[in-house]
Amino acid sequence: MSACVPTRHDHTSRSWRQSNGPGIKRPHSPPPPRRGGRFRIAGADLSASITVFLIAVPMSLGLAVAMDAPLEAGLVSAAVGGIVAGLLGGTPLQVSGPSAGLTVVTAELIQIYGWRTTCAITIGAGLLQILLGAVRAARSALAVSPAIVHGTLAGIGVAIALAQLHIVLGGSPQSSAVGNALALPAQLDRLSPAAPLVGGLTIAILMAWPRLPGRIGRAVRRIPAALASVAIATAMAAVAAPGIARVDLPSWRSHALPELPQGPVLALATTVFTVTLVASLESLLAAVAVDKLTTDRAGRQSAEPPAPAVPAAPPVRRSDLDRELRGQGISNVLSGLLGGLPVSGGAVRSSANVRAGATGRASTVLHGVWVLLAAGLLVAALKWIPLASLAALVMMVGIQMVSFAHIRNVHKHREFPVYGATITGVVLFGVLKGVVIGIAVAVVIALHRLARTRITVTDQGGQHLVVVRGQLTFLAVPRLSRTLGRLPQGGDAVVELDGFFMDHAAYETIQDWSNAQTSQGGRVVFTGRSGGRIAEPASAAHSCCRPWTPWRNHHCHDRPEPASVHHDRGTRADAGGGEHHASATRPSPGPGPGPGTTETTAADTMTDGTSNAAPTTSAAAPAAEPVPGTPSSPTPPAAPRRTGAHRLVSGLSSFQRNTAPLVREELARLAREGQRPSQLFITCADSRLVTSMITASGPGDLFTVRNVGNLVPPPGAEAGDDSVGAAIEYAVEVLQVESITVCGHSGCGAMHALLGAKPDNSQTSLWRWLRHGLPSLERMTSRHRAWARISGRLPADAVEQLCLTNVVQQLDHLRAHESVARRLAEGTLQLHGMYFHVGEAQAYLLTEGASAGTCLDEVFDHVGPGDPSGSGVLERTSA
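The rules behind the values
Residues numbered from 1 in each chain as written. Predicted model: local features only at pLDDT ≥ 70, side-chain atom pairs only at ≥ 80, totals over all residues. Heavy atoms only, no water. Pairing = 2+ DSSP bridges. Helix = DSSP H or I, 4+ residues; strand = E, 2+ residues; numbered from the N terminus. Contact = heavy atoms within 4.5 Å. Axes fitted to C-alpha atoms, helices over the stretch in contact; angles between N-to-C directions. Phe/Tyr/Trp six-rings, centres within 6.5 Å; stacked < 30°, edge-to-face > 60°. Buried < 20%, exposed > 50% of the residue type's maximum accessible area, 1.4 Å probe, protein only. Patch = residues over 30% accessible without salt bridge, like charges linked within 9 Å, V, L, I, M, F, W, Y side chains within 5 Å. Areas by Shrake-Rupley, 256 points an atom, 1.4 Å probe, with all protein chains shown as cover. Salt bridge = Lys/Arg side-chain N within 4 Å of Asp/Glu carboxyl O. Core = buried A, V, L, I, M, F, W, Y, C linked by side-chain atoms within 4.5 Å. Lys, Arg positive; Asp, Glu negative; His and termini not counted. Polar contact = N/O pair within 3.5 Å; in protein donor to acceptor, adjacent residues only side chain to side chain. Charge placed at Lys NZ, Arg CZ, Asp CG, Glu CD. Parallel < 35°, antiparallel > 145°, perpendicular 65-115°, else oblique. Left-handed = near helix turned anticlockwise from the far one by under 90°. Nonpolar A, V, L, I, M, F, W, Y, C, P; charged D, E, K, R; others polar. Right-handed = clockwise from strand over helix to strand, strands pointing away.

A. Examining the sheet that holds strand E16 (residues 789–790) more closely. Taken together, the 7 strands give an open sheet; going across it, the order is E14-E13-E15-E17-E18-E19-E16, and neighbouring strands pair in mixed fashion. At either margin of the open sheet sits one strand with a lone partner, and together these are strand E14 (702–707) and E16. Of the strand pairs in this sheet, strand E17 (residues 830–837) and strand E18 (residues 842–846) are connected by 4 bridges, and their pairing is antiparallel. Residue Phe 836 lies in a different strand from E18, and its bridge partner there is Ala 843. On top of the sheet, helix H30 (residues 798–815) reaches strand E13 (679–684), strand E15 (739–745), E16, E17, E18 and strand E19 (859–862); it is set at about 160° to E17, its chief contact.

Here you go:
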């Protein structure tokens, strides 16, 4: 444990200043690499480098063909990207090379300015990337809307696919995506069979290669699909179409180097900015994707049993995006100086590197070395590759850039118009203009959503319901003020706020109207979209009702996506994720079981899947201003989710930082006075059952016993089962609890085991314990007893039936204990049966007669929001 906890040292002011220097990374970045270490090459890195090399060579040549650049320029950029970016970049497993995202841009630059000036533009873009990395602008680049970023890449992919389709059909591409689309009919008229057949064969192998079945298929799939498709197509073309157009690698002596750019300064600056923007975004997005792939791979490896002969792979550090941007910039400068294509991180090459088992940057660097050797030694072999095969390979890369997963995602978050406008703008007008169009559409949609506010008033017999749908900004203040002014002065009103933002002007309008209403004897209640009342100020609540149990189910999101951290009046729920609701706690206005009682209201879930919990409010509480009459608290930035021991330490640290100050006084009182719980709560050890949450209890309220299956061994059971009996005796005799509750739950694994297997192996600890549940199974199958059931419906299946019956049976076991029987006879102890449906978050109470053993009708009744004490439920079910 101590290895996981950061140690605090007493530094001088000088050492503190040094900790903020440029050599120390911020919390979101990994620590700097260890100086003076040897460049280690593991066996996994060597094999991974060969795999990536076999993908990179045909890909680099194909992109050079697509850009109409010298073919050797693709090999130069692949070698420089692998060696330089591999050594200097901030993402160890990312493989850099010719940029697929810059295919259209580079092709246009070559047509306008020529190849040598394009190399100079590449150098300028690299210098700008170095500058952006030095000022730590990488994180800011990721703040661009994902709909715009993915729309840009998708538009580039469409343009690539249209251009390469002409080469696959045996022709030449036009200068623009629109021109390529318009020229397709004419190209089909003069179709020659050789190139389409070779291109079609390449595409078919690319698609079928990863799906080869059987043992032979698994062995063959170790060869990269890109290499296999190009190699097979080359062999077939050599036999069937010897006259097809092939790769023409000129002599390295004629390789062109950069020259000083010539042309309008503003136009050249625009092109440099465009190359920088696309290359940087492509590299940073690929770096984030590599982090996700690496995390997924580490999760799979941790889930598998380790092989004793194979040492565990060292953990790979998270990406340092600013360092990655600087490394990409240096690579582009060197690539431009050596006459290469623009360089960026590639998702295809990087994902292949991760899946091949690479453990460090050695695989990336070695891949660049192999490309460099191939450029000098394999020229004769590369000249046999058909251009149609390379074009088909690049066309598939362009098609893959249009990701249907991204389309579904932006559609789910209602950003498809931004995505569609961006992709249309890129295809019709170019990359830079397409990005500007996407940003403009995003701003228009944001303003439209911000300004669209619907206000309705309903008369409910003396009380008016005001429903505000949408965000409350100054644009809505005139309509809001006019609507509120029409309500009777001094009347009662309920204001339902269904939005997540309220600016200061709207806040002041509602606050002034609320004060005027209450001053004239009216009553104003503010609610959220769920109908729950928004909390009163903290000063109005008794100090013993302060919320100290902020809770959020942080186990439902084991994906590597970052998660939000939620605060409520200074408390924090640990980072989680997934599309679920957080819990914002607030003081309970009514009586509760003890000093820890709180009410919870569901926080709204934003469209990106994370929770947007406003402080002390329900879903409708605004983010910019608090709801009138409520305190405000800022929401801090999100923290990454930790696992294993780090999760435990993170939770403890969160408690000490946020919750301990709130509960220290109350816990100190409990420490002085000792525990005086009112209830003994016997429930299952299932991790989904949070007793303090479902009973709205706090420290000192419950004396809890948890075991597998919420079982109560009857008195006189075999030795080894005295723990539950001891807890019962201590709670009843020493703590003098007033009630005992046996709580079962849906989907109980112990009940599954009792139903689905026979205890034939009595030597296991599990079955020696589960034998105490056999009476419940016999009770359920007996024809002489009525089945336990839920009021209003039958049990869903046999498991739920056994869960209900088990609660009733364990109450019988409880009554057999001497101390319990005596207190029951004295009338100073009550027994309760409870069933909690996890999926519905719904509690059910056993009728009072059945809990006491005086009624044969065993019914669990629904507990609703209107039954805060539970007495109403018991009275109804008894009747």
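B. View of the sheet that holds strand E3 (residues 454–459). A sheet is described by the order of its strands in space; here 4 strands give the open sequence E3-E4-E5-E6, paired in mixed fashion. Whereas interior strands pair on both sides, the edge strands pair on one side only; in this sheet they are E3 and strand E6 (524–527). Pairwise comparison of adjacent strand axes, ignoring direction, gives a mean angle of 15° for this sheet. The pairing of strand E5 (residues 492–498) with E6 spans 4 bridges and is parallel. Along E6, the bridge assignment pairs Val 495 with Phe 526. Across the sheet, helix H22 (residues 477–485) is in contact with E3 and strand E4 (463–469); its angle to E3 comes to roughly 10°.

C. Summary view of the packing of aromatic side chains. As enumerated under the stated definition, the model contains 4 aromatic pairs in all. Ring centres of Tyr 835 and Tyr 844 lie 6.2 Å apart, and the angle between their planes is 45°; on these two criteria the pair is classed as tilted. When sorted by exposure, Tyr 835 lands in the same class as Tyr 844, which is buried. Seen in terms of ring centroids, Tyr 835 and Phe 860 are 6.5 Å apart; in terms of plane orientation they differ by 65°. Their pairing is edge-to-face.

D. Broad picture of a nonpolar patch on the surface. Judged by side-chain polarity, Val 178, Leu 182, Leu 428 and Phe 429 come together as a nonpolar surface patch covering roughly 410 Å² of accessible area. Taken together, the elements giving at least two residues each to the nonpolar patch come down to helix H8 (177–182) and helix H20 (416–429). Considering the arrangement of structural elements, one finds Val 178 in helix H8. Taking the relative accessible area as the measure of exposure, Val 178 reaches 33% and is therefore partly exposed.

E. Structural view of unusual backbone geometry. Even without being a glycine, Arg 136 presents a positive backbone phi close to 60°. Mapped onto the secondary structure, Arg 136 falls in the loop between helix H5 (115–134) and helix H6 (138–141). According to the relative accessible area criterion, Arg 136 is partly exposed, its value standing at 23%. Phi is positive for Gln 736, close to 55°, though the residue is something other than glycine. Mapped onto the fold, Gln 736 is located in the loop between helix H26 (722–734) and E15.

F. Representation of the pattern of salt bridges within the structure. Summed over all chains, the structure comprises 10 salt bridges. Residue Arg 822 pairs with Glu 733 through a salt bridge whose shortest N-O separation is 2.1 Å. With Arg 822 in helix H31 (residues 818–826) and Glu 733 in helix H26, this residue pair connects regions lying 89 residues apart in the sequence. With relative accessibility at 35%, the residue Arg 822 sits in the partly exposed group. Note on Glu 733: relative accessible area 32%, which makes it partly exposed. A cluster of three or more residues bridged by salt bridges with shared partners is formed by Glu 666, Arg 669, Glu 673 and Arg 676.

G. Spatial organisation of the nonpolar core. Membership of the largest hydrophobic core comes to 78 residues, with the highest contact counts inside it found for Leu 61 and Val 371. Take this core: its biggest share by element is 11 residues, from helix H2 (residues 43–67). Contacts of Leu 61, omitting those with residues within four sequence positions, involve Leu 71, Leu 75, Leu 249, Leu 382, Ile 385 and Leu 390. Among the nonpolar cores identified, the runner-up in size contains 42 residues, and Ile 740, Leu 770, Leu 804 and Tyr 835 belong to it.

H. The arrangement of the side chain of Glu 282 in detail. The topology assignment puts Glu 282 in helix H13 (residues 265–303). Among buried charged residues, Glu 282 stands out as having no salt bridge; its nearest opposite-charge side chain is Arg 349, 6.4 Å away. There is a polar contact of 2.6 Å between the side chain of Glu 282 and the side chain of Ser 99. Of the polar contacts made by the side chain of Glu 282, one reaches the side chain of Ser 344; its length is 3.0 Å. Setting aside chain neighbours within four positions, we find Glu 282 in contact with Ser 99, Ala 100, Gly 101, Leu 102, Ser 344 and Gly 345.

I. Quick look at the environment of Asp 861. Assignment of secondary structure puts Asp 861 in strand E19. Along the backbone, Asp 861 and Thr 847 are 14 residues apart, and their C-alpha atoms lie at a distance of 6.9 Å.

J. Representation of a positive patch on the surface. Where like charges cluster on the molecular surface, the positive patch consists of Arg 414, Arg 449, Arg 452 and Arg 454. When you line up the elements, Arg 414 lands in the loop between helix H19 (404–412) and H20.

K. Molecular detail of the pairing of E18. Counting buried positions along E18 yields 5 of 5 residues, so the element is predominantly enclosed. Burial of E18 is two-sided: the residues Gln 842, Tyr 844 and Leu 846 facing one way and the residues Ala 843 and Leu 845 facing the other way are all buried. Counted between consecutive antiparallel strands, the loop separating E17 from E18 contains 4 residues, among which Ala 841 sits at a positive phi close to 50°. Where E18 lies against E19, 3 bridges are found, and the strand directions are antiparallel. When the sheet's bridge partners are listed, Tyr 844 is paired in E19 with His 862.

L. Quick look at the packing of helix H10 (residues 194–208) against helix H18 (residues 387–400). Where H10 meets H18, the closest approach of the two axes is 8 Å, and the angle between their N-to-C directions is 45°. Between H10 and H18, the crossing angle belongs to the class labelled oblique. Crossing of H10 against H18: the hand is right-handed. Here H10 contributes Ala 195, Val 198, Gly 199, Thr 202, Ile 203, Leu 206 and Met 207 to the contact with H18, which in turn contributes Ala 388, Ser 389, Ala 392, Leu 393, Met 395 and Met 396. Across the contact of H10 with H18, the residue classes break down as 10 nonpolar, 3 polar and no charged.

M. Inspection of the packing of H5 against helix H14 (residues 321–337) at higher detail. Orientation of H5 relative to H14, taken along the N-to-C sense of each, is 160°, at an axis distance of 7 Å. With respect to H14, the element H5 is oriented roughly antiparallel. In the packing of H5 onto H14, the handedness of the crossing is left-handed. Contacts from Cys 119, Thr 122, Ile 123, Gly 126, Leu 127, Gln 129, Ile 130, Leu 132, Gly 133 and Ala 134 of H5 reach H14 at Asp 322, Leu 325, Arg 326, Gln 328, Gly 329, Ile 330, Asn 332, Val 333, Gly 336 and Leu 337. A breakdown of the residues in the contact of H5 with H14 according to their chemical character gives 10 nonpolar, 8 polar and 2 charged.

N. Structural detail: the pairing of E5. Of all 7 residues that make up E5, 6 are buried, and the element is covered over most of its length. For E4 and E5, the ladder comprises 7 bridges, and the chain directions are parallel. When the bridges of E5 are listed, Val 467 appears paired with Glu 496. Regarding the hand of the β-α-β motif, the stretch spanning E4, H22 and E5 is right-handed.

Function cannot be inferred from these measures alone, as they are strictly geometric.
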